[in-house]
Amino acid sequence: MPRTPSSPLLLAGLLAGAAVAHAAAPRRFDAIVPRSLPGSPRRWTYASGVVELALAAGVAHPRTRRMASLAAAAFFVGVFPANVKTAADARHRSAAARAAALGRLPLQVPLVLWALRVGRDAATG
């Protein structure tokens, strides 16, 4: 059975789009920054957007793709607590909001696996 392509440019586009969203609508992201992190939520929002933009550039370029995709996988794991916070905060909201927040939790797994696959494919040429 033929392997499906890992779509590094699509992953780079997703990361770049998320970076733009962090800059264009930071309030939405501020709300999901865990309060246990030091500093202001806005600083974390902008910082994560900058990281996503750097990861997008790294994943897009063949020379840096392997390392950047592995870093993207780690980043996706690292932002998981924000998704947990979103789900916890949604417990007093509408059923649709709760479902969306809970549905987002398992989506981190395919993102991590996608980034790892991009890295593996970059390593094998």
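These remarks concern the structure in this document. No experiment lies behind these values; they were computed from the predicted model shown.

### Brief notes about a nonpolar patch on the surface
Here comes step 1: The grouping of Leu 70, Val 109, Leu 113 and Leu 116 at the surface amounts to a nonpolar patch, some 330 Å² of accessible area in total.
Here comes step 2: The element contributing the most residues to the nonpolar patch is helix α7 (residues 108–124), with three residues.
Here comes step 3: Within the secondary structure layout, Leu 70 lies in helix α4 (residues 65–78).
Here comes step 4: For Leu 70, a relative accessible area of 36% puts it in the partly exposed group.

### Things to note about the environment of Ala 21
Here comes step 1: Relative to the helices and strands, Ala 21 resides in helix α1 (residues 8–24).
Here comes step 2: The exposure class of Ala 21 is partly exposed, given its relative accessible area of 23%.
Here comes step 3: For the pair Ala 21 and Thr 45, spaced 24 residues apart in sequence, the C-alpha separation works out to 10.0 Å.
Here comes step 4: Not counting chain neighbours up to four residues away, the residues in contact with Ala 21 comprise Pro 26 and Phe 29.

### Topic: the nonpolar core
Here comes step 1: Within the largest apolar cluster, 15 residues are counted, with the highest numbers of intra-cluster contacts made by Leu 11, Leu 15, Leu 55, Val 59, Ala 72, Phe 76 and Ala 115.
Here comes step 2: Counting residues per element, the ones that place at least two in this core are α1, α3 (41–60), α4 and α7.
Here comes step 3: The element that contributes the greatest number of residues to this core is α4, accounting for five residues.
Here comes step 4: Beyond its immediate stretch of four places on either side in the chain, Ala 115 contacts Leu 11, Ser 69, Ala 72, Ala 73 and Phe 76.

### A short note on the pattern of salt bridges
Pairing of side chains with opposite charge becomes possible as their charged atoms draw close.
Here comes step 1: For the structure shown, the criterion picks out two salt bridges.
Here comes step 2: Of the charged contacts, one joins Asp 30 and Arg 42 as a salt bridge, the two residues approaching to 2.6 Å between their closest N and O atoms. Note that Asp 30 is positioned in helix α2 (residues 26–30) and Arg 42 in helix α3, a separation of twelve residues in sequence.

Reading guide: rules and limits
Residues numbered from 1 in each chain as written. Predicted model: local features only at pLDDT ≥ 70, side-chain atom pairs only at ≥ 80, totals over all residues. Heavy atoms only, no water. Patch = residues over 30% accessible without salt bridge, like charges linked within 9 Å, V, L, I, M, F, W, Y side chains within 5 Å. Areas by Shrake-Rupley, 256 points an atom, 1.4 Å probe, with all protein chains shown as cover. Salt bridge = Lys/Arg side-chain N within 4 Å of Asp/Glu carboxyl O. Helix = DSSP H or I, 4+ residues; strand = E, 2+ residues; numbered from the N terminus. Buried < 20%, exposed > 50% of the residue type's maximum accessible area, 1.4 Å probe, protein only. Contact = heavy atoms within 4.5 Å. Core = buried A, V, L, I, M, F, W, Y, C linked by side-chain atoms within 4.5 Å.

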